[in-house]
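Analysis of the macromolecular model
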Number of protein chains: 2
Amino acid sequence: MAAHPVSPLAPKSYPDLPAIEGVRFATAEAGIKYKNRTDVLLMTFDEGTTAAGVLTRSKCSSAAVDWCRTNLPGGRARGLVVNSGNANAFTGSKGRESVQLTAEYAAKALGCSTEEIFLASTGVIGEPLPAAKFAGVLDEAATRLNQTPWIEPAKAIMTTDTFPKLSGALLDIDGVSIKINGIAKGSGMIAPDMATMLSFVVTDMPIAAPVLQALLSKHVQKSFNSITVDSDTSTSDTLLAFATGKAKIDPIQSLDDPRAEIFGQALFDVLFELAILTVRDGEGATKQVAINVEGATDDASAFRIAKAIADSPLVKTAIAGEDANWGRVVMAVGKAGEPADRDRLAIRFGDLLVAENGERAAGYDEAATSAYMKGEELEVTVSLGLGTGAATVYTCDLTHGYITINGDYRS
Amino acid sequence: MAAHPVSPLAPKSYPDLPAIEGVRFATAEAGIKYKNRTDVLLMTFDEGTTAAGVLTRSKCSSAAVDWCRTNLPGGRARGLVVNSGNANAFTGSKGRESVQLTAEYAAKALGCSTEEIFLASTGVIGEPLPAAKFAGVLDEAATRLNQTPWIEPAKAIMTTDTFPKLSGALLDIDGVSIKINGIAKGSGMIAPDMATMLSFVVTDMPIAAPVLQALLSKHVQKSFNSITVDSDTSTSDTLLAFATGKAKIDPIQSLDDPRAEIFGQALFDVLFELAILTVRDGEGATKQVAINVEGATDDASAFRIAKAIADSPLVKTAIAGEDANWGRVVMAVGKAGEPADRDRLAIRFGDLLVAENGERAAGYDEAATSAYMKGEELEVTVSLGLGTGAATVYTCDLTHGYITINGDYRS
């Protein structure tokens, strides 16, 4: 399925997510770009399903993103069509015709209006997407919809991903069991500004669209918006959440409902796990790295410093080389342009203090630090000593694998 | 001399820069980090030499940068000491003592005050610099000062550079021949925000320090501040200009003097050539790339978009793969966050139009574009169609060489 070796950080097994009442799906081979693998996902929702979403902030967003932006205020969903292999981005009027046509095919197959259809495309930018290929495919897929297994939709939306990404949560609210299932794809071009590559989350919780939207917008910040693989923000980033409302419980109509917070926390858990899986499948990744910044003047400043460190090619190549090169961390703090006092800086790799008061720590232990750097999951903590602002950004290392995947070919 | 293969973009020969009256130099081996190569430069200036400089904006600037920042307002220079192999950055109070001591050694050897001594250090961050090693070295070097050859100082300041960088200009003002000589070092950690790694320019033009400073600050913008190798801004970026004033001509006392513009243009030519040489020695570089953005709402917006493209790992790896992947250029335009209208975008590789009106150009010629991408010097032009803002940023490709240089080792 994947042209490149499976990430060494791939999970050993995948969760067997349960059926969620009100949602069914089928995958198919449209042959848009890939051969001998599924590249289309049709997901259908029963009437009454609410929808929310967070979309890329790219100024050059794809036609499918524009389509979702138009339909999201309606807050209702009956169908989702995702294709991999072609992003339908930067395809001009052809792209707009293509999403319109795809939505019409889907609406016809499902017997709903195009306003209730959501679309996402991922893959090559700039190639016109031949929507006509979807015609028979969607009709046929609509005849064999199932509630499981969820790994199939996760596989159909992959591009350079080396493993499918799934996460689920079960929560009990007032004695009723509520399910949240999520899938995601993403490997390169990962630096979400408002969303990630593609991720779809489904729940049977009855929840009003504006509440779902508020929870999604809130919890995307410390999940998908806190990861970066290569600092490149996609034209297609799309996170959509659908709530079928089939759980036998009173609907959440307002953020003031105390259940909103409980549900939101479970939603966050799913978003966070999917975001971390995306980092762990970062192109060429061999290590997962958490960059913690604390003691900043405020959280936003801490985030910008953490992002500067996580995006620094010199920091990322040093980590690939298992080199606790805290000098490069200092460099990245310095280039962030945020308040920082060199002579108050402290830096830890894991629990090991390597620098404090602006110079190498007196008790610096080279052997222990080297041993720590051989691990697969690393943590770098920068203490600025200025205030109480804190943030964490998750990233991976930068290796020959990234260059091979993105540079060693002619398209 | 260099641990890595010489850049394929290295010049075939080096200019034999002329002696400049009022400046002499010697290089030496202090053995700070490198063995069997020069790693210290002592440059001396006759009395009456004016000085100007542009320093890194990093919040974690090195001790030597701080030293220069203190001395620059004085505007007078008698000596410059540069060492390679140790940046004396993030070395706390030890770093401050180290620069003080180095300046005292130099001032004693040259018979001047420490306020007239300028310092620069480049190399590893976070290692204390043992200034005591300079004591005998500077005294000895002061006994064998010469006016040529300029390639020796250019070599002594190298770190991961694979070739020395020199540039000179000769200009005629009112029948008097004026010389400008410049050297630079830089290969990685190159994303100058106000200056580049290290560069030193010397002229015999008599020019007041404030005028020299104004010209330097102006012309750094479209030279050193318009290049990026890896988006990482150094803690040590230092550009210093020294004017010995030995040319037999009335001094330039004000920017209103029409000769300031003529001299400034020649100064720019030297800065620009040194900046391009730095890109051509970018770590792992195999191609030099100019990113032109035109039709932006203003020049600053054009610059930010050009920088986003030039810093994008996906754009840079595509160029390494000789892939005219304009989809990634669109992505980078989109992530810059600047005004852009996807459906007005046009993109050219060299003179070849690949996209217009937000989609692939009708006359797109795959074969011609592929042939163009095999070249060593490439140009990517993005036309936004919004206004008259324009900017150019110079960069290089991102290859396995960069990963090897920065990641394949344990320090």
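Please read these numbers as outputs of a predicted model, since none were measured by experiment.

Attention now goes to the overall build of chain A. Along its length, chain A carries 11 helices and 15 strands. Dimensions along the principal axes, computed over C-alpha positions, put chain A at roughly 70 × 55 × 40 Å. Here chain A, with 411 residues, has 63% of them falling under the buried criterion. At a minimum sequence separation of 6, the contacts of chain A that also span at least 24 residues come to 80%. Within the structure as shown, chain A displays about 14,100 Å² of accessible surface, and the carbon and sulfur contribution to it stands at 51%.

In a beta sheet, neighbouring strands are held together by backbone hydrogen bonds and run either parallel or antiparallel to one another. Residues and elements named next belong to chain B. Within the open sheet, the 5 strands sit side by side as β3-β9-β8-β7-β6. Their pairing is mixed. Only two strands of the sheet have a single partner each, and these edge strands are β3 (50-55) and β6 (165-173). Here the average twist between neighbouring strands, direction ignored, is 15 degrees. Relative to strand β9 (residues 238-243), β3 runs antiparallel, the two being bridged by 6 bridges. The residue of β9 that forms the bridge with Val-54 is Leu-239. Helix α6 (residues 258-280) contacts β6, β7 (176-185), β8 (198-203) and β9 of the sheet and is inclined by roughly 165 degrees relative to β6.

We now examine the confidence of the model for chain A. As a note on interpretation, predicted positions should not be read in detail where pLDDT is low. The predicted model of chain A has a mean per-residue pLDDT of 90, with 96% of residues at 70 or higher. Low pLDDT (under 50) marks residues 192-196 of chain A, which in the prediction has 26 contacts with non-local residues, meaning those over four places away or in another chain.

With that settled, the discussion passes to the UniProt feature "binding site: substrate" (unreviewed entry) in chain A. Under the present numbering, the feature "binding site: substrate" (unreviewed entry) in UniProt falls on A:Thr159, A:Lys185, A:Thr196, A:Glu283, A:Asn406 and A:Ser411. Turning to its location among the elements, A:Glu283 is positioned in the loop between α6 (258-280) and β10 (288-296). Along the polypeptide, A:Asn406 turns up in helix α11 (residues 400-407). In this structure, A:Asn406 is in contact with A:Glu283, B:Leu314, B:Thr317, B:Ala318 and B:Arg328, ignoring residues within four places of it in sequence.

Take helix α3 (residues 134-141) of chain A next. All names here are of chain A. Listed as buried for α3 are Phe-134, Val-137, Leu-138 and Ala-141. For α3, the buried positions fall inside an angular range of 90 degrees around the axis, keeping them on one side. Looking at the buried positions of α3, the neighbouring elements they touch are β1 (23-28), β2 (40-45), β4 (79-86) and α2 (92-110).

We now examine the side chain of A:Asn292. Take A:Asn292: it is sitting in strand β10. Those residues within four positions of A:Asn292 in sequence are excluded, and the remaining contacts are A:Glu379, A:Val380, A:Thr381, A:Val382, A:Ala391 and A:Thr392.

Our next topic: the packing of helix α5 (residues 209-219) of chain A against α6(A). Residues and elements named next belong to chain A. Two numbers describe how α5 lies on α6: the axes approach to 10 Å, and their chain directions differ by 50 degrees. Between α5 and α6, the angle falls in the class oblique. Crossing of α5 over α6 shows right-handed handedness. Facing α5, whose interface residues are Val-211, Leu-212, Leu-215, Leu-216 and His-219, α6 presents Ala-260, Phe-263, Gly-264, Gln-265, Leu-267, Phe-268 and Leu-271. Considering only residue class, the contact of α5 with α6 consists of 9 nonpolar, 3 polar and no charged.

For the rest of this paragraph, the subject is the interface of chain B and chain A. Each partner contributes to the interface: chain B provides 68 residues, whereas chain A provides 68 residues. Summed over both partners, the interface of chain B with chain A comes to about 5,400 Å²; 52% of that surface belongs to carbon and sulfur atoms. Put simply, chain B and chain A have 8 salt bridges between them. The partner of B:Asp66 in a salt bridge is A:Arg342, with the nearest N and O atoms 2.8 Å apart. The interface formed by chain B and chain A contains 21 residue pairs in polar contact (both at pLDDT 80 or more). Among the elements of the structure, α1 (63-71), α2 (92-110), α8 (313-320), α9 (326-335), β13 (359-360), α10 (366-373) and α11 (400-407) of chain B are those that each provide at least two residues to the side of chain B that touches chain A. Across the side of chain B that touches chain A, the residue classes tally to 22 nonpolar, 25 polar and 21 charged.

On to the nonpolar core, then. Core analysis: the biggest nonpolar cluster contains 80 residues, and A:Ile309, A:Ile347, B:Ile309 and B:Ile347 have the highest contact counts within it. Not counting chain neighbours up to four residues away, the residues in contact with A:Ile309 comprise A:Ile291, A:Val293, A:Val315, A:Val329, A:Ala332, A:Val333 and A:Val382.

All names here are of chain B. Burial analysis of α9 places 9 of its 10 residues in the buried class, which makes it a mostly covered element. Listed as buried for α9 are Trp-326, Gly-327, Arg-328, Val-329, Val-330, Met-331, Ala-332, Val-333 and Gly-334. The first or second residue beyond α9 is Gly-337, which carries a positive phi of 75 degrees.

Before going further, it helps to spend a moment on the relation of the copies chain B and chain A. Rotating chain B by 180 degrees and moving it 0.0 Å along the rotation axis overlays it on chain A with an RMSD of 0.0 Å. The transformation relating the two chain copies, once decomposed into turn and shift, fits a two-fold axis. Among all C-alpha atoms of chain B, that of B:His400 lies closest to the rotation axis, at 2.9 Å. Interface overlap between copies is the fraction of interface residues in one copy that are interface residues in the other; for chain B against chain A it reaches 100%, indicating a shared surface.

So, how was this worked out
- Residues numbered from 1 in each chain as written.
- Chains lettered and ligands numbered in written order.
- Predicted model: local features only at pLDDT ≥ 70, side-chain atom pairs only at ≥ 80, totals over all residues.
- Heavy atoms only, no water.
- Helix = DSSP H or I, 4+ residues; strand = E, 2+ residues; numbered from the N terminus.
- Buried < 20%, exposed > 50% of the residue type's maximum accessible area, 1.4 Å probe, protein only.
- Contact = heavy atoms within 4.5 Å.
- Areas by Shrake-Rupley, 256 points an atom, 1.4 Å probe, with all protein chains shown as cover.
- Pairing = 2+ DSSP bridges.
- Axes fitted to C-alpha atoms, helices over the stretch in contact; angles between N-to-C directions.
- pLDDT = per-residue confidence, 0-100.
- UniProt positions renumbered as here; feature names shortened; annotations may be inferred.
- Arc of directions from axis to C-beta.
- Parallel < 35°, antiparallel > 145°, perpendicular 65-115°, else oblique.
- Left-handed = near helix turned anticlockwise from the far one by under 90°.
- Nonpolar A, V, L, I, M, F, W, Y, C, P; charged D, E, K, R; others polar.
- Buried area = accessible area lost by both parts, 1.4 Å probe.
- Salt bridge = Lys/Arg side-chain N within 4 Å of Asp/Glu carboxyl O.
- Polar contact = N/O pair within 3.5 Å; in protein donor to acceptor, adjacent residues only side chain to side chain.
- Core = buried A, V, L, I, M, F, W, Y, C linked by side-chain atoms within 4.5 Å.
- Least-squares fit on C-alpha atoms with pLDDT ≥ 70 in both.

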